[in-house]
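# Structural description and commentary
Below are the chains, spelled out letter by letter.
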Amino acid sequence: MEHNNNNNNPNRNPNPIRNPLSSSAPVWPTIDGALGLTEEDSVSYARNFYNFGFALLPLLWAVNCFYFWPVLRHSRSFPRIRPYVVGSAIGLTVFTALLCSWALTFSLGGERLFGPVWDQLVMYNLADRLGLTTWS
Amino acid sequence: MAHSSSILDSLGEEILRIITPVSICMFLVVILVSILNSNSSSSFSVSSIATIAYSESTSDSDWDKFIGALFNSLAFVFFVTLATFILVLLFYFRCTRFLKLYMAFSAFVVLGFLGGEISLFLVQHFDTPIDCVTFLIALFNFAVVGVVAVFMSKMAIVVTQGYLVVIGILVAYWFTMLPEWTTWSMLVAMALYDLAAVLLPVGPLRLLVELAISRDEEIPALVYEARPVNHHSFDARTDAVTQRRLWRNRRIGDDDDDDSNLNVNSVLNSNMDEENVLTSISNTNDPGRIRGDINLVRENASSNSNLNSNTLYDRNLVNVEEGQVRETDTDVSTPLIDRGVTVRLHGVEDSASSESLMLEGIGLGSSGAIKLGLGDFIFYSVLVGRAAMYDFMTVYACYLAIIAGLGVTLILLAVYRKALPALPVSVALGVLFYFLTRLLLESLREVIYNFYELYIIDS
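Looking at an unreviewed UniProt entry, one finds chain B named Presenilin, with Lupinus luteus as its source organism. Taken verbatim from the UniProt record of chain B, the Function (unreviewed entry) comment is "Probable subunit of the gamma-secretase complex, an endoprotease complex that catalyzes the intramembrane cleavage of integral membrane proteins such as Notch receptors." The Subunit (unreviewed entry) field of the UniProt record for chain B holds the comment "Homodimer. Probable component of the gamma-secretase complex, a complex composed of a presenilin homodimer, nicastrin, APH1 and PEN2."

Per an unreviewed UniProt entry, chain A goes by Gamma-secretase subunit PEN-2 and derives from Lupinus luteus. Per UniProt, chain A carries the Sequence similarities (unreviewed entry) text "Belongs to the PEN-2 family." UniProt's Subcellular location (unreviewed entry) comment on chain A is quoted here verbatim: "Membrane".

Set out below in structure tokens:
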């Protein structure tokens, strides 16, 4: 008779993250759990994401942190992956802070702060001048 | 009964996990269309392959527009067929690496250029004081991470799914910029072409699917894969055992103890503007454990100037079992998101023709999850976006028609268990409901206006 074994055991934890030694330490380093990467593959992925993020790609750092969220949350597991993910998180916050401060200064300061340069830098004027929004 | 209720649950959950992204794509395209097209009545139209035969202008007569639209869609179908046959040839000669690179390039062009254009439209519409540096950095990030997400084999599932939906939205919006008659005739032509390409033995999609099956490979194309429904907790320590829900087909007379074979045709939806082909092929290997591969291939060619060939390749595991399944076959134990599919999207700038390799069709992934080709996303969204250009009542009607068509397609697949084109049903229902609703609204407006004239004005 085919029965799901878990039907008979309502106490079984649906959370797939289990460890015989500690109940809070995850086995899978990625947010997808068993559908994601194993720990060995994760090291190269985390390292590549971290390194390529330096090419003005903070979104790659963000994806790195998001994907390896269990690594960030559980500070003592996955010692090989952790430095890359933490580095990505730090890089992300720094870059986002810089970019946001610049963007906000630009949009709120306006012409009063920048003078005539503002009109040249703002995107919709640039689009009109370069004809970017006419299709063909 | 625990079995039947959980099967219904899982079936509903699986279907929901496919209908949700399709609905999100359609919804966002409708929003884009209603925001950006509120002022103009498409005074500029895109010149692309789809308007190569005739450029519609508002001053032409209806008959001229009709003939012109017909020629346009014929030319488009021709280019899509050509592209599909080229795809079959490349696949036959195992140029998989080239195809994948091409798809990554296409994805980059779509996300970068098309996404940039549409966000520029939005910036101009809302007068957002964003500067070019921030804008360029954001766009660059968006495009590069998108290419990584759809191209690399292992990425966060949510990110990949999100980017596939975004690609669908961008291409669909671009298609709604076609002139009206051309859009509708192109949709109908694509549905018919899909029908032909799947059911005829010389159809390119059918050839592609059979080739992929015989080689036991995945077709490189863009396919949306839903997260598999997993009702059981599994033992994380043992990788060999994975629990997953497989489709179960109950044979009449079988009792619960036997494995039953269920062939479920999954429709892979790929974005191909031209063709949607659903092919389902089921193989049963051994009577004890039934595994069937159902490959649904749909090719859709999309983009006016692009030849999109979408082929969906979906393999359905015929065996549906509750409980633990020991995966001995490496194919089966590969994780959910199978990166074998890539989508090629061509840039749609100027009159450059872009080819999208988007597969259409619904299928089941190797882990039992539903795969939908991006072409279906695009064509459904084009239909609904066009409906949004008239009125919101047509949007509701077309949305319901498309979802109903999707359900009918799944049922037909389960019944016939062979290659079926998935696009025609939804497009036929959608087009029918659009014109009916439009007719109804026009007559309703006439009635109300006459009533107003007769009774309100005079009194």
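### Examining the UniProt feature "transmembrane region" (unreviewed entry) in chain B
All names here are of chain B. The sites that UniProt annotates as "transmembrane region" (unreviewed entry) are residues 15-36, 66-92, 99-121, 133-151, 156-175, 181-202, 396-416 and 422-441. Taken end to end, residues 181-202 is 86% helix and 0% strand, and its two terminal C-alpha atoms sit 30 Å from one another. The span residues 422-441 shows a helical share of 95% and a strand share of 0%, and its end C-alpha atoms are spaced 29 Å apart.

### Considerations on the packing of aromatic side chains
Here a ring pair, both rings aromatic, is described through the centre-centre distance and the interplanar angle of the planes. Evaluation of the coordinates by the stated rule reveals 22 aromatic pairs over all chains. Relative to A:Phe106, the ring of A:Trp102 lies with its centre 5.7 Å away and its plane at 45°, an arrangement referred to as tilted. Of the two residues, A:Trp102 and A:Phe106 are both situated in helix H4 (residues 82-114); the distance of four residues between them amounts to about one turn of the helix. Measuring from ring centre to ring centre gives 5.1 Å for B:Tyr434 and B:Phe435, while their planes differ by 80°; the resulting arrangement is edge-to-face.

### A closer look at the confidence of the model for chain A
A low pLDDT means the predicted coordinates there should not be read in detail. All names here are of chain A. The share of residues in chain A with pLDDT of 70 or more is 79%, and the mean pLDDT across the chain is 78. Helix H2 (residues 58-67) holds the highest mean pLDDT among the elements of chain A, 92, whereas helix H5 (residues 117-121) holds the lowest, 81. Predicted confidence for residues 1-8 stays below pLDDT 50, and this span has 19 contacts to residues more than four positions away or in other chains.

### A look at the UniProt feature "transmembrane region" (unreviewed entry) in chain A
Residue and element names in this part refer to chain A. The feature "transmembrane region" (unreviewed entry), as annotated in UniProt, sits at residues 49-72 and 84-104 in this numbering. End C-alpha atoms of residues 49-72 are separated by 15 Å, and the span's content is 75% helix alongside 0% strand. Secondary structure over residues 84-104 splits into 100% helix and 0% strand, and the C-alpha atoms at its two ends are 29 Å apart.

### Digging into the side chain of B:Ser426
If you trace the backbone, B:Ser426 turns up in helix H11 (residues 423-457). Leaving out residues up to four positions away in the same chain, B:Ser426 has contacts with B:Tyr380, B:Ile402, B:Gly405 and B:Leu406.

### Thoughts on the pairing of strand S6 (residues 370-373) of chain B
Residue and element names in this part refer to chain B. Burial along S6 is two-sided: Ile-370 and Leu-372 and Lys-371 and Gly-373, pointing in opposite directions, are all buried. Where strand S1 (residues 223-225) and S6 come together, three bridges link them in antiparallel fashion. Residue pairing across strands places Tyr-224 opposite Leu-372, the latter belonging to S6.

### Some details on the side chain of B:Asn37
By the element assignment, B:Asn37 lies in the loop between helix H1 (2-36) and helix H2 (62-92). A polar contact of 3.2 Å, which involves the side chain of B:Asn37, links it to the side chain of B:Tyr173.

### Structural notes on a nonpolar patch on the surface
Residues and elements named next belong to chain B. A cluster of nonpolar residues, Tyr-449, Phe-451, Tyr-452, Leu-454, Tyr-455, Ile-456 and Ile-457, forms a patch on the protein surface that exposes about 780 Å² of accessible area. Tracing the backbone shows Ile-456 in helix H11. Classification of Ile-456 by relative accessible area gives partly exposed; the value is 45%.

### Considerations on the pattern of salt bridges
Side chains that carry opposite charge are capable of pairing whenever their charged atoms lie near each other. All names here are of chain B. Per the stated rule, a full pass over the model turns up two salt bridges over all chains. Residue Glu-180 pairs with Arg-438 through a salt bridge whose shortest N-O separation is 3.1 Å. Here Arg-438 lies in helix H11 and Glu-180 lies in helix H6 (residues 180-199), a separation of 258 residues in the sequence. Under the relative-accessibility criterion, Arg-438 is labelled partly exposed at 26%. One salt bridge connects Arg-206 with Glu-210, and the closest N-O pair in it is separated by 3.5 Å.

### Observations concerning the nonpolar core
Membership of the largest hydrophobic core comes to 91 residues, with the highest contact counts inside it found for A:Phe68, A:Ile81, B:Ile167, B:Phe175, B:Met190, B:Phe377 and B:Leu383. In terms of residue count, helix H5 (residues 157-176) of chain B provides more of this core than any other element does, 12 residues in total. Among the nonpolar cores identified, the runner-up in size contains 12 residues, and A:Met123, B:Leu120, B:Val123 and B:Leu139 belong to it.

### Description of unusual backbone geometry
The bulk of non-glycine residues show a negative phi, and the bulk of peptide bonds are trans. Its identity as a non-glycine residue notwithstanding, A:Leu56 has a phi of 55°, on the positive side. Residue placement: A:Leu56 occurs in the loop between helix H1 (39-52) and H2. Look at A:Leu56 and you get partly exposed, because its relative accessible area is 45%. For B:Arg94, which is not a glycine, the phi torsion comes out positive at approximately 60°. Inspection of the secondary structure puts B:Arg94 in the loop between H2 and helix H3 (96-126).

### Notes on the packing of H6(B) against helix H9 (residues 374-390) of chain B
All names here are of chain B. Remark: H6 packs on H9, axes separated minimally by 11 Å, with the N-to-C direction vectors making an angle of 150°. The handedness of the crossing between H6 and H9 is left-handed. Here Glu-180, Thr-183, Trp-184, Met-186, Leu-187 and Met-190 of H6 come into contact with H9, specifically with Phe-379, Val-382, Leu-383, Arg-386 and Ala-387.

### Observations regarding the confidence of the model for chain B
For chain B, per-residue confidence averages 70 on the pLDDT scale, and 62% of positions sit at 70 or higher. Note that residues 233-357 of chain B has pLDDT below 50 and, in this model, 673 contacts with residues that lie over four places away or in other chains.

### Let's talk about H1(A)
Between the first and last C-alpha of H1(A) there are 20 Å, a value that for 14 residues agrees with the 20 Å anticipated at 1.5 Å per step. Every buried residue belonging to H1(A) is among A:Ser42, A:Val43, A:Tyr45, A:Ala46 and A:Phe49, and all of these are buried. Tucked inside the fold, the buried residues of H1(A) contact H2 and H4 of chain A together with helix H4 (132-151) of chain B.

The rules we used
Residues numbered from 1 in each chain as written. Chains lettered and ligands numbered in written order. Predicted model: local features only at pLDDT ≥ 70, side-chain atom pairs only at ≥ 80, totals over all residues. Heavy atoms only, no water. UniProt positions renumbered as here; feature names shortened; annotations may be inferred. Helix = DSSP H or I, 4+ residues; strand = E, 2+ residues; numbered from the N terminus. Phe/Tyr/Trp six-rings, centres within 6.5 Å; stacked < 30°, edge-to-face > 60°. pLDDT = per-residue confidence, 0-100. Contact = heavy atoms within 4.5 Å. Buried < 20%, exposed > 50% of the residue type's maximum accessible area, 1.4 Å probe, protein only. Pairing = 2+ DSSP bridges. Polar contact = N/O pair within 3.5 Å; in protein donor to acceptor, adjacent residues only side chain to side chain. Patch = residues over 30% accessible without salt bridge, like charges linked within 9 Å, V, L, I, M, F, W, Y side chains within 5 Å. Areas by Shrake-Rupley, 256 points an atom, 1.4 Å probe, with all protein chains shown as cover. Salt bridge = Lys/Arg side-chain N within 4 Å of Asp/Glu carboxyl O. Core = buried A, V, L, I, M, F, W, Y, C linked by side-chain atoms within 4.5 Å. Axes fitted to C-alpha atoms, helices over the stretch in contact; angles between N-to-C directions. Left-handed = near helix turned anticlockwise from the far one by under 90°. Expected span 1.5 Å × (residues − 1).

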